[in-house]
Every structure is written in C-alpha cells, then in structure tokens.
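Okay, here's what each chain looks like letter by letter:
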Amino acid sequence: MIEAMKLYKKTGNTIQIISFPGEDVSKGCYLIIEDESSGKSMIVQVIDIQFANVPGVMEELLRNSFPEENIKGEDVDPLDVTSHILYIQDARLLICKIHGTIKDGKIISDSSWLPSRTRSSIRRLSVKSLIDLLEINGGLPILLGETDESTEFSINAMALDGKLNIITGKKGTGKSHLSKILVLGLIDHGATVIVLDLNGEYTHLNLTSEGDKNRYYRRIHVFTPGSNFKVTLSQTGLSVILKILTHALSLPGTSCREFRRIWKFLEERRLLSLHELGEAIRNWRCNQHIKDALYSRYYALLHSNFFTDNEYEAITLEDVFSKTKYGGAIIIDLSNSSPLDRQIVVEYMLGKLQDLLSLNKIRPVFLFAEEAHLYLRDTYWDDIVTRMRHFGVFTTFITNQPNTIKENIYRQADNVFLFNFINEHDLQIISKAARVDVETVVSIVRDLPPHHCLILGNVVKDFPIVIKVRPLNVQTGGHTKLFFTVNQRDYQLSTSEAYRLAGES
Amino acid sequence: MLIEQLHYETTPRYNFPLLKDIDLPRRFIELSVESMKDVKGEVLNVHGEIFQDSLVNGDYEDSIYIGDPESPIRVIQVRPIRDDTPIIAIDASNIKIGETDRGILCAVRGAVIWNRKRRYRYIRIGPFPFYINAENRDEILHLLRKHHIPASNSSSLTEIQIKLGSLIENWIQINVCRSSNRSIILIDGSLTANRNSDSLNMYMQMLRSAREKENSILAFSKMTKLRVLGRRVLNLHLKYRPPWILTIDDFQPFNLHLLGDIYIAKFTERGYSFRVDIDHTLPDEEKIRAVKRLLGNDSVFQSYPESLRLAHIYSTFTANEVIGIQRFISQQFGIKIISQHNFRRSLFGPYGTEMDD
Ligand SMILES: Nc1ncnc2c1ncn2[C@@H]1O[C@H](COP(=O)(O)OP(=O)(O)OP(=O)(O)O)[C@@H](O)[C@H]1O
Ligand SMILES: [Mg+2]
C-alpha cells in the first residue's frame, strides 16, 4: 500500500506536499486536500515535482559515487531495514499552487486558510471531477482533446465569445492544429470565423485527409486575393482606401488629401475605376512630388491584382458573409501574396469589417490571425483589443514568436493556449499575460510534449489544465513551401475546384 | 514471528571468499528483534539525534605517551610492494535513533571493504536496531561478555550502545581473519587491551586466527591522543620524506597489554600521521613488509588507506538512513515518533497540528 500524501508546508498560495514512491502524480495534475474538521477542501495543482530534501541524501549519493568505479557490494540486512531507507530516499516533494476552496460543494477562491496537517487527507482530483465541479464543458461544447486520464475535454464556445485569445508555443507543436479545431468548433455552433491564413493551411478544412468531402464542405470558403477575391474601388469606399494608402502604402498626409480630391472628383462623375484613377492622377494639376507619390501607390494597388473594374469578377464582403449565415469560415489565403499585398488585403478586411459591424450589417465574427506581426500594422493591435472587440471582432492570435505579440495583448488576453516552450525569454514574455501564474507556466510548459497544451483563462475558469489535443481528420497542406513539389498542380486545381463547388451553394 | 524471517538467503556474492562464513550470532539478531518488540506503544523522541556522529570507544585513548628522550627512535622509510595482496578493511558504527522514557533506541552496522587489484567491493552488515532499557540491559551485557566485549554492570545505556557496535565489529573482524588468506586486514582502532580483561582474550583470538591464515592485521587509530616527543601524533612532521613509519623501542606502558607494536605512520606529504599497531608476535621484517604491501596495493589518500576510509563511510549512518530506520521502527513495531523537525513529522504523520506559513 502506498503511504498517504502528507502536507508539509504552505507559503502564500504555494503548498508543499510529500508523496511516497508509487504515487501516481505528474506535473499539472490536481490534488484535493480534504479537511473534515473544517468542512472545507482545498484544490491545488502540482506544478513541480522535486526530490524531497531528505537530510543526508547528498552524503548517500556521494558515498555511492567514487570516481574509479561504481563500488559494488551487498547488504546483509536480515531485518530488511534498507527497503525503508530507500523508500525515504525516494520521497518526493510536490510543489503545488492553490487554486481554490470547495465549501458546501461550491468553489470559492479562498486560499488563505490552513488545512489541518493531521486531519486532512490528500488525494488526486481527476480532471473529470474538476470539470464537473467547474461546469467547464456545458453550453456549446467544442471537443479539444483529452486529459492525461483519457477523459474527453471540451470547452464551452460561449467562453470564447467576446474574448481575446492567444495560441502560442514553439514551432511545430500543434498551434495551427488547435486553431483549426477551434475554427471548426465555432462554425459547428453557427459562428462566422475569418482566418488570416498566412501559409494556406486552412484551405482544405473541408476535405478529409483522404481528400473526400467532409461535413464542413459547404462551410469553408477560401478566398485568394488576386484570384477569386477581387474588389472594386467603389465597393471599397474612400475611407478604407485611405487606410490602405496611409498604413499599408505609407502615403504622406498631403498626398492623401490630394488623393481624396481626386477620388471625390471621380465619384461625382461616377467614373470610379482603376483605369480612370490612373488617368486622373496623370492629368491632375499638383506638385510633382505628390503626383509621383500618388502614382507609385496607384501602381501598388494595380499590381496587387486585388482590385478590379470588372463588377462580375468582384465580390463584396457582404456577399461573402451571407454564405456564413448558419456558421462558416472565411479563409483568406495569404500564402501567395507579397508582404505588401498582404497588408493591403488585411487593411481592407479589417476596415470593411469595422464598417459592416458598426452598421450592424453583419454579426460579430471570430478572427484567427496567424503570425499577425507580418501583416498587422502597429496601430491595429490596440484597436483589436479595444474598438474592434467592442464592435464584435473577437481575435485569436497564433504565433510561434511570442515577442511579436504586443504586451498589452498579453495583459488583456482572456484565454491563453500554451504549447511547449523551452526558451527562457519566450517564457518570460508569456508570463506577462494576466491570466497566467508565472510559476505554473514556467514549470509546466517546459515539459509539454508535442500536441499537448496548457489551457489558461476563462475557458477553464482559471484552473490551468493540460490536454492532449485530439487529431483532426482534415487535409492540412500548406506547410513550408518547397521548391520541388510534385503535386503542385493538383494542389492548385483542388483549391479552385473547391471554391467553385462552394460558390455554387 | 520476525525471528522466523531471519533465515536470510545467501544471494550470489561478488566472490568474497570471506563471506561464506558470515553468520551472525543468532542471539544478537534475536535480541535486536526482541528489544524492538519491547518498544511497542512507546513514544520515541527523535529531535536532534540524527546529526550526531557515531560514538567512539575511548577506553584506552588517554593512556599512552611516547616521549622519553632516552628512548631510541627509529624512522623506517617504506617502499611500496606491489604484489596484488588483497586488502580488507573493517569498520562499524553505532547511532542513537531516539529515546523513550524507558531507554534508548540505537542502531549498529558493520562494513567490510575488500580491495583486490584495486577493485573495491563492499558488504554491509545491518543495520540492527536495538532498544536498550533497564529491563533488557542485563541480557545485553551478558551477550557482550559472552563475545569478549568488556562491559561492567555500571555501564550506561550509551556505553552499551557503543559496545554493541564493538560487538558487531569484533565479530566481523574475527570472521574475516578466519576466512581470508595472505591478506592485509585493516581495522579501526588499536591492539591494546586492559590486562586481564575480556578484550585481551578477544584480541588474542583474532590475532591467532589471522596468523593461522597468514594474514597481517594493521590497526589504524584515527583519533589517537598518543603523543610523541610531546606532540600529538596526528600532527607529527619529520624531516624524512613520506612514506615512513616510526617506532620507539622498549616501550611498555603501565597496566596495558600491547598486543601490537606501536608505529607512527605517515604515508603521504599531505595529511596526518597515524598510529598503526601491528601484531607483536610477527618478526620485525614481516611487520614492515605488511606496511609495504599495504602501500603497494591500496590507494592512500591524505596518508590514510582508502579501503579503511571506505569501510568507515559505508558503515556510518547518514541522516536519511536514520529517518529510514525510524520509519522501519514505526511501521514494524508501531511506535509513535515525536520530532520538532517538520520534515520528519510530515513523514511520520499525525502527531503535530500547526503549520508554518
Ligand atoms: N493533436 C494533434 N494530433 C495529431 N497531429 C497533430 C496534432 N497537432 C498537430 N499535429 C500535426 O503536427 C504537425 C505540426 O502541427 P501544426 O502545424 O499545427 O504546428 P504549429 O505549431 O502550428 O507549427 P508552426 O510553428 O510551424 O506554425 C502537423 O502536421 C499537424 O497535422
Ligand atoms: Mg502553425
């Protein structure tokens, strides 16, 4: 029989527990300290497992490590005292964080009381019981994976509503994979999701890994700027165009004012088109510097291939959104766009989104942004957590470089999904998230195997939980681009084909 | 019922020729177990005990002075002889585990290090816990005397603890002497006994066994108070380059029987000099040769033979072993343990309530 775990020490909200060989505890698991005398129980999470600082173990180890060789020998120990000595030497110290107290079957956030050393019993609290206690999985469940006790783990989609999320971890640990699970989960519950897909890896979510249509077939809408995603100037509107010119194309203020005049001039004459815009700039009477500046921006717009004068070729965001009325994802495939074009498209998307939302023309959306620092201008970060969130854009940032996400995003994040990190600097940055307990993160995240994720924040009611993310039967694609890709052609074919089929619905 | 379990198996051994014959005195183990049964239901106080070192038998320490300027002093420089002679070292230790209202709980353990061609092997014998109290002290004294450990009726419980250590040590020594051949046997201590005492018998028996098997016994004193020319032996430095041994002829202290000739040895430049006693009955060349063979076949660290150092390390109790023994006692014999030390209280559970925040 394993000897019961014992309470050793409490400092602040840290509790130290001694456990003996054979006890099945690992980092991240929860323990419950039941104190019958006070009728309360404390919920703690193991964040580190150390050797108990048994006095004299150091001498013991030194005794058994002589430089020349490992000295072999034996013990004549008729009373078998040695097994007890070894047992003591193997005692472990569990460093735990207090997460709350159960009183009368309810969880309260009290960590100030002291459980009795003599009258409390300590046992493992299964994540399943914890989930039940916390009622995490109610409402609109999204199955994310399983806990290390192999119980299924779901979050409530409502806990993502109106929220700001971060998914981060080092390269290849499964961030995008989890992000896809969230995307599909959200659309299952009828939400509209926009993905800024930097690597074109969300474009096949509507196909199984065998290439067959899956149940998302008609709900995934892939838009590739310059190909099936083009807009006209008049649909875009002056304000969004000005944003593009200022932010994506860094047009100076004076030139912007001149542009505005040109735009108004064309608009009044109902001549708003790329062609006329070019002509107008050429013939406009103004300072040559300004003219040159306007010209270069004009060519940037033109060459982006994102704008068109052909109304039949163009689509409007309203049209796009109407496809997701019952839940659907709009995947903006940015994988073939130049950095400049990406910025143009993102300015367009976000500008348009704000317009549409403020006019109540569309429902709130969930925005998934992969490596946003590559296309999101500096001023948007603040916007996203304040104004845009207010309008109804609920963003999830996905990155393997946590330092590219602005600090105030960390401070405001409601949910953080952490995959493995080993880099001390990265861990430091993550620790800035308000929902994060530094010690918990540093100690658990470092040891996370691939595809395992530590969930913090609102969705887990601030009880950090480690899960193994479930597999997903969809075509992934879009990984690092290779020069010699044999089936490049098939890949492109199927993309456009997928769109054509989706467009017919 | 525990007695029945004592038929411990003879597991495969590392070619220790000496271990075939190891068979603890049955009464010794029985006494250990019986005394432990006695402790049941008692409350054991353990605070502070574990940091104390093994207690030393200091019976003959003070009594020897060498320093009569008239005495002829000889310094012999010794050249190591490397001939693969096995070096065997023996040590034992005792420790107090705690005390009750009625007595003290202690443990003893012995260790043998066997160095053959500089490959070291160990065997540890024990630990054996003993609960020494007023009721069983006579029986323990009887056992001690039966095995030639001098013990007076007025011995304190702590003295008895020390003597239980000596018992297991002497008993291992005799076993080793009997079962090894042509080896150098290193023991901790001296070859000095009170005249007409039990220990004299014991030493004679040991030396006789050793001689029969052509073994040479060298006894090293670590903590000797022996003085030469008015200086403590441990700090003796001479102008000669080590290794050397020093001897004083015609030395016969009052009321002590010297079974060995006393030498002062310094094997390395760094480190102390030690007192070494060598079987008196060996021819002088043999005595010196034994030292040479020791130097040639064992490592010497800070002037002290490595085998003997290891024997000391292996027999000494570390703090966690003491805790392990306490756990053994509390589990097997249902004793309650009280400690001011938080860690142990946590290990042994519910005898304290307050927690430090
Ligand atoms: N839970 C999972 N079960 C099975 N396979 C997974 C899981 N998570 C990720 N994978 C697979 O592991 C690989 C890497 O995953 P993913 O692309 O999501 O990593 P990432 O963290 O986004 O990497 P990067 O930093 O390069 O963007 C992919 O092939 C993905 O299909
Ligand atoms: Mg990725």
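Everything discussed here concerns the structure shown above.
Residues numbered from 1 in each chain as written. Chains lettered and ligands numbered in written order. Predicted model: local features only at pLDDT ≥ 70, side-chain atom pairs only at ≥ 80, totals over all residues. Heavy atoms only, no water.

Engineer: Lay out the packing of helix H1 (residues 26-38) of chain B against helix H2 (residues 137-146) of chain B with the relevant residues and their values.
Structural biologist: Residues and elements named next belong to chain B. At a minimum axis distance of 11 Å, the contact between H1 and H2 shows a crossing angle of 165 degrees. The pairing of H1 with H2 is recorded here as roughly antiparallel in orientation. The way H1 lies across H2 gives a crossing that is left-handed. In this structure, H1 contributes Arg27, Phe28, Leu31 and Glu34 to the contact, and H2 contributes Glu139, Ile140 and Leu143. (Axes fitted to C-alpha atoms, helices over the stretch in contact; angles between N-to-C directions. Helix = DSSP H or I, 4+ residues; strand = E, 2+ residues; numbered from the N terminus. Parallel < 35°, antiparallel > 145°, perpendicular 65-115°, else oblique. Left-handed = near helix turned anticlockwise from the far one by under 90°. Contact = heavy atoms within 4.5 Å.)

Engineer: Which residues make up the nonpolar core, and what are the values?
Structural biologist: In terms of nonpolar packing, the biggest core is built from 96 residues, with Ile194, Phe229, Phe307, Ile332, Leu376 and Phe397 of chain A touching the most fellow members. For this core, the element with the highest residue contribution is helix H11 (residues 339-358) of chain A, accounting for 9 residues. Discounting residues that sit within four places of it in the chain, isoleucine 332 of chain A has contacts with Ile194, Val195, Leu196, Asp197, Phe223, Pro225, Phe229, Val345 and Met349 of chain A. Counting residues in hydrophobic clusters, the runner-up holds 66 residues, among them Ile88, Ile132, Ala193 and Ile217 of chain B. (Core = buried A, V, L, I, M, F, W, Y, C linked by side-chain atoms within 4.5 Å. Buried < 20%, exposed > 50% of the residue type's maximum accessible area, 1.4 Å probe, protein only.)

Engineer: Lay out the environment of alanine 248 of chain A with the relevant residues and their values.
Structural biologist: All names here are of chain A. Assignment of secondary structure puts alanine 248 in helix H6 (residues 238-248). Taking C-alpha positions, alanine 248 is 6.9 Å from leucine 340, a pair spaced 92 residues apart along the chain. Among residues more than four places away in sequence, those in contact with alanine 248 are Lys243, Leu340, Gln343, Ile344 and Glu347.

Engineer: Could you give an account of helix H8 (residues 274-283) of chain A, naming the residues involved and the relevant values?
Structural biologist: Residues and elements named next belong to chain A. Taken as a whole, H8 has its buried residues at Leu274, Leu277, Gly278, Ala280 and Ile281. Buried residues in H8, looked at end-on, bunch into an arc of 165 degrees, giving them a common side. Within H8, the exposed residues directed more than 90 degrees away from the buried face are His275 and Asn283. Where H8 is buried, its residues contact helix H5 (233-236), helix H7 (253-268) and helix H9 (288-304). (Arc of directions from axis to C-beta.)

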